[in-house]
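# Close look at the chain arrangement
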Amino acid sequence: MKLEVLALQGNNKIMQAYNNDEEFLHTFFDYNHMEESSYVDRLAELADRPFERRQLAETVRAFMEPFGISANADKHLKELAENAVTVIGGQQAGLLTGPLYSVHKAITVILLAKKQRATLGIPVVPVFWVAGEDHDLNEINHTYTELNGRAVKQQYGEKFVLKLMASDATYDSVQMTSFVKGIFGKFGETSYTKDLLDEVLEAVQQEKTFTQFFVRLMNGLFQEEGLLFIDSAYKPLRQLETNYFVQLIEQSEQLAEKITQKEEIYTAQGFEAPIGAEKDAANIFYVHETGRVLLSRKDGYFVNDSTGLRFTTTDMLEIAQEQPWLLSNNVATRPIMQDLVFPVLAFVGGPGEIAYWAVLKEAFHHLGLKMPIIVPRMSITLVSSQVKQVLDKKSFTVEDAMSGQVFTAREQFIESLRDENFNSSLDDTEKMLESQYEQIAQLSAEQGTMMHKLVQKNLQFHKKQLKYLKDKAEDALLLKHAIAVRQFDIVEGELFPEGSLQERLYTPYSYLNSYGPTLIEDLLQLPFEMDGKHKIVYL
């Protein structure tokens, strides 16, 4: 493997501000993640706060036991029960781990925890918070594969009518097996394919829900690193959160006001509203028989009009104390709950997450908390050996692919192959037809509107046939030079599919299939720096 760093000319306004604007940082966040003193200050703050450490460690251990606990994970659990702080990142439970950025986030969490353990001289353990309470299954029921330079969406076919949380949504093992085999069939056969496929299919059979399937695969990839996992919808975690739900319910009006006011300040600076905060929001979901439904505050009640739910504050507090698993956090309260439950030194997030964290500062302060240090996850593009060969042959760089220069070169190459005499002859024929049909139209004008329309229709038929000839000539040209054109497509399709970063579409399993099972281990050995720059890894 070889690592390069690329300063992408990104258009993500929030990340530009977060990495470069001191005033923005001061306004919306408590700590500057680029300053080592922030970690010392945050550690001191955590030392003054109470945590249910032993119960928390036991809860995480109980959740992880079915998936396997490595020696390092066991060590981290014991440290968590005593005096460890955590670096946390999270993600929805995507199929085949979801897009590559799920893995990149886990790598960032692990490396940051290792770095701060060495720097601070205390146990710092990595934690992956699985957003199993999320109910938008359409966001996680698919992956992408590459075909002829295009990213093709591969969607799991089973339909879910209710708004089930990912941790409650069970899949059909026969359909999931067929789906996984179909995906691997598009990767191409390598010496690693059989073992890798068998491993994934075994996970399909061992588990039942989207969340369980996700955790088993992720735990398998990162087990030796001791990465801890917890599902936000795990019932024992809900029980641990009882007193914190009470706080969120009692302070819901004030929290909604703080978040709404902060979002107004945020949007006044030219950013899009990340949450769409409302002053009557309860910022809590209720797990109803029809699925997970969002509550709001109305006339002193907690309500959901579409289902007819209506709770008094007393009702809500009783649910929090006796059936907390019926409550669920939304995008605004999840970071707060996470910070109340875990001793969070730093949170690792992507651009979207950093955007919604930006409106939560005063909500944290209202509860007597500071926000943790927010560290952007690393953004990585993997370059396969096949693509590297094409880059070298064509004298392209990864940046060329991301800036559109490869696409431009492809179009110029095709243009150079076209037979201009053939196309010119077709164009001349079309102009001649238009001229002749104009004369015919003039001669037929006396015969009425119907004849005029027939002449025009006949002309369009001939022009359509000429276009058909042009298109077929183009197809024949591309077929004749398919190998050369394919080289352009391979570069674009892998490095910048559909005009998007690779990490946002493709599953890591296509790269495990081509590189081998040590992919994650080898990535973790690279000298990554969390400097906000894009990382290029040549496999």
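Going by the structure above, here's the rest.
Residues numbered from 1 in each chain as written. Predicted model: local features only at pLDDT ≥ 70, side-chain atom pairs only at ≥ 80, totals over all residues. Heavy atoms only, no water.

## A look at empty space enclosed by the protein
If you walk through the whole model with that rule in mind, you get 1 cavity of 30 Å³ or more. The computed volume of the largest cavity comes to approximately 40 Å³. Around the largest cavity sit Gln92, Ala93, Ala131, Asp134, His135, Asp136, Leu137, Ile140 and Ala166, which together line it. Along the lines of polarity and charge, the residues of the lining of the largest cavity split into 5 nonpolar, 2 polar and 2 charged. (1 Å grid on protein atoms, 1.4 Å probe; cavity = no way out; pocket = protein on both sides within 12 Å on 5 of 7 lines; lining within 4 Å. Points joined across faces, edges and corners; volume = space filled by probe spheres on them. Nonpolar A, V, L, I, M, F, W, Y, C, P; charged D, E, K, R; others polar.)

## Brief notes about the sheet that holds strand β13 (residues 373-376)
Ordered by their spatial adjacency, 5 strands build an open sheet running β6-β3-β2-β12-β13, and the pairing between neighbours is parallel. The sheet is open, and its two edges are formed by β6 (228-231) and β13, each paired on a single side. Each adjacent strand pair in this sheet contributes to an overall mean axis angle of 30 degrees, direction not counted. As judged from the 4 bridges shared by strand β2 (residues 85-91) and strand β12 (residues 344-349), these two strands associate in the parallel manner. Following the sheet pairing, Gly89 is matched in β12 by Val348. Of the strands in this sheet, β2, β3 (124-130) and β6 are in contact with helix α5 (residues 71-82), which crosses β6 at around 70 degrees. Helix-sheet contacts for helix α9 (residues 210-222) involve β3 and β6, and the interaxial angle to β3 is about 150 degrees. (Pairing = 2+ DSSP bridges. Helix = DSSP H or I, 4+ residues; strand = E, 2+ residues; numbered from the N terminus. Axes fitted to C-alpha atoms, helices over the stretch in contact; angles between N-to-C directions. Contact = heavy atoms within 4.5 Å.)

## Looking at the packing of aromatic side chains
Under the definition given, this model contains 22 aromatic pairs. Judged by centre distance (6.1 Å) and plane angle (80 degrees), the rings of Tyr156 and Phe210 are edge-to-face. You can see Tyr156 sitting in the loop between β5 (150-155) and α7 (173-187) and its partner Phe210 sitting in helix α9, a full 54 residues away along the chain. On the basis of relative accessibility, which here comes to 1%, the residue Tyr156 falls in the buried class. Judged by relative accessible area, Phe210 falls into the buried class, the value being 2%. An aromatic cluster is built from Tyr18, Phe24, Phe28, Phe29, Tyr266 and Phe271, whose rings are joined through pairwise contacts. Lys235 extends its terminal NZ or CZ atom over the ring of Trp325, reaching a point 4.2 Å from the ring centre. (Phe/Tyr/Trp six-rings, centres within 6.5 Å; stacked < 30°, edge-to-face > 60°. Buried < 20%, exposed > 50% of the residue type's maximum accessible area, 1.4 Å probe, protein only. Lys NZ or Arg CZ within 6 Å of the ring centre and 35° of its normal.)

## Structural notes on the layout of surface pockets
Its boundaries defined by the atoms lining it, the largest pocket holds a volume of some 1000 Å³. Forming the walls of the largest pocket are 45 residues, and the residues nearest its centre are Gln92, Asp134, Val331, Arg334 and Tyr356. For the lining of the largest pocket, the secondary-structure elements that each account for two or more residues are β2, α6 (100-120), α12 (252-268), β7 (281-288), β8 (291-298), β9 (301-304), α14 (334-341) and α15 (351-357). With 5 residues, the top contributor of residues to the lining of the largest pocket is α15. Of the residues in the lining of the largest pocket, the class split is 19 nonpolar, 14 polar and 12 charged.

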